[in-house]
Amino acid sequence: RIDELDGEVPSARQMAASGSPEEVTEIARERAGQLKARGVTWNLAPSVDVSDQPRTAVIGDRSFSDDPATVTRYAAAWAEGQQAGGVFGVLKHFPGHGHSSGDSHKGSVSTPPLDQLRAGDLRPYSDLVGPGKPLDGRVGVMLGHLDVPGLTTDVPTSIAPAAYRLLREDYRFDGLAMTDDLGAMKAITDRFGLAEATTRALTAGADMALFSNVTPVAPLLDAAEKALAEGRITAQANDTAVARVLAAKGLCSRG
């Protein structure tokens, strides 16, 4: 969206095909500076989806490559430059949208089974986040709206407790975890209203619920406060989520 204001940058796939990681870091640093100059301090990027989908597909050329190692290398380069430019980044779409059956904007989407995702789509997460990894404590992770055999059953990953356990326990990620858009993507909206989807996400383990459609916030807060009062969201989990959000915004540090 900033292209019309500050010029285009190559797609992720173009950058990985024609540039070095060092060049990508510099492109990201410059772009982050442009964003920050306009008051934008977060960018929900880079995509670490492993994919060779055509440009017009849901992930398309937002994916650096269909090779997990290449995705890892170039996503790390982008994240480094973005942070150097003063903008917080988010890896997406956990646990992997690159080999999905369709577009979660348009309806329910399934992925290969979890065991297959571990072998490919999840490798950028295993290599980049968690204790001792290059981006540990420096980026967030966005969960997609994905039905994953062997992981989810009746709801997509963005509102499934099992998906957050996978991220927190298997990949030992302790940073900010957020949902993909809950208000404008039919993988969610065909099944749940925004207040219920938001509460389900927070109850499942999300620190932040994302929605892009303009809507009154009060009903969402009422539903979340009710879940907190009823113990579906615990006070400890709520405090931890708030701390992660504030740390991501650079407003506090976590001890």
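Residues numbered from 1 in each chain as written. Predicted model: local features only at pLDDT ≥ 70, side-chain atom pairs only at ≥ 80, totals over all residues. Heavy atoms only, no water.

*Asks:* I'd like a description of the environment of R73, backed by residues and values.
*Replies:* By secondary structure assignment, the location of R73 is in helix α4 (residues 68-84). According to the relative accessible area criterion, R73 is partly exposed, its value standing at 43%. (Helix = DSSP H or I, 4+ residues; strand = E, 2+ residues; numbered from the N terminus. Buried < 20%, exposed > 50% of the residue type's maximum accessible area, 1.4 Å probe, protein only.)

*Asks:* Could you give me a rundown of the layout of surface pockets, with the residues and numbers involved?
*Replies:* Roughly 1,400 Å³ of volume is contained in the largest pocket. Forming the walls of the largest pocket are 34 residues, and the residues nearest its centre are R1, N43, L44, R62 and K92. Elements with a contribution of two residues or more to the lining of the largest pocket: α2 (12-18), α3 (21-37), β1 (42-43), β2 (88-94) and β4 (177-181). For the lining of the largest pocket, a count of residues per class yields 18 nonpolar, six polar and ten charged. Taken as a whole, the second largest pocket holds about 730 Å³ of empty space. Listing elements by their share of the lining of the second largest pocket, those giving two or more residues are α7 (161-170), α9 (194-204), β5 (208-210), α10 (218-229) and α11 (235-248). Per-element accounting of the lining of the second largest pocket gives the leading share, seven residues, to α11. Residues belonging to the lining of the second largest pocket are distributed by class as follows: 18 nonpolar, six polar and six charged. (1 Å grid on protein atoms, 1.4 Å probe; cavity = no way out; pocket = protein on both sides within 12 Å on 5 of 7 lines; lining within 4 Å. Points joined across faces, edges and corners; volume = space filled by probe spheres on them. Nonpolar A, V, L, I, M, F, W, Y, C, P; charged D, E, K, R; others polar.)

*Asks:* Lay out the environment of P219 with the relevant residues and their values.
*Replies:* Mapped onto the elements, P219 comes out in helix α10. Among the residues examined, P219 registers a relative accessible area of 44% and is labelled partly exposed.

From the geometry alone we can't say anything about function, so treat these as descriptive.
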